[in-house]
Amino acid sequence: MLDAILVLALMGLLLGGGLGLAARYLAVSQENPLIKEIEALLPGSQCGQCGYPGCSAAADALVEGSAAVTCCPPGGAALAERLAELLGVPLDASALAAPMLARIDAAECTGCTRCFRACPTDAIVGANGQIHCVLSNACIGCSKCLEACPEDCIALAPQTLTLDHWRWAKPRAA
């Protein structure tokens, strides 16, 4: 009786493992590989600034052609250029908006911690009862902290120009 149980258990493990391997390596995907490539380029913060519920929906819209390559503000000009190159569409440089970043007014902040709980990229740091600050390198300007702040001490301001993200308005020479 014990031998029969062991044989059945071993057969179940081997057949289950075989089915698992077959599902992994023999799976047929109906999805366009371009969608996966574009989704990998997008920031993945699911902020919704593009007008779509997440980065995968935005990638679908970009492949269909219903969204502009400049639809992702957190990605900035570099992402728009890469998407235009990948999709083979012209890039309208005038459609690129200046990146907006959150700024906290320290005189108004009470340290309620609602803003950094709402931030999808953990760009706001601080502790309960202390003044919070925004890490500009991590902020994507999604304005979720604006909606969460009860004191209205957060505002979106254009990013200050530095050599890291300054762009010349003239097109590149061919």
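Residues numbered from 1 in each chain as written. Predicted model: local features only at pLDDT ≥ 70, side-chain atom pairs only at ≥ 80, totals over all residues. Heavy atoms only, no water.

1. Quick notes on empty space enclosed by the protein
Inference 1: A full pass over the atoms with the stated rule returns 3 cavities of 30 Å³ or more.
Inference 2: Considering only enclosed or pocket space, the largest cavity measures out at about 90 Å³ in volume.
Inference 3: Taken together, 13 residues line the largest cavity, and the ones lying closest to its centre are C47, C50, C55, A58 and C72.
Inference 4: In terms of residue class, the lining of the largest cavity is built from 8 nonpolar, 5 polar and no charged.
Inference 5: If you go around the second largest cavity, the residues you meet are A102, C119, T121, A123, I124, V134, C139, I140, G141, C142, S143 and C145. (1 Å grid on protein atoms, 1.4 Å probe; cavity = no way out; pocket = protein on both sides within 12 Å on 5 of 7 lines; lining within 4 Å. Points joined across faces, edges and corners; volume = space filled by probe spheres on them. Nonpolar A, V, L, I, M, F, W, Y, C, P; charged D, E, K, R; others polar.)

2. Quick look at the packing of helix 2 (residues 33-41) against helix 3 (residues 55-64)
Inference 1: At a minimum axis distance of 9 Å, the contact between helix 2 and helix 3 shows a crossing angle of 125°. Classed by the angle they form, the pair helix 2 and helix 3 counts as oblique. For the crossing formed where helix 2 meets helix 3, the hand is right-handed. Residues L34, I35, I38 and E39 of helix 2 form the contact with helix 3, whose own contacting residues are C55, S56, A59, D60, L62 and V63. (Axes fitted to C-alpha atoms, helices over the stretch in contact; angles between N-to-C directions. Helix = DSSP H or I, 4+ residues; strand = E, 2+ residues; numbered from the N terminus. Parallel < 35°, antiparallel > 145°, perpendicular 65-115°, else oblique. Left-handed = near helix turned anticlockwise from the far one by under 90°. Contact = heavy atoms within 4.5 Å.)

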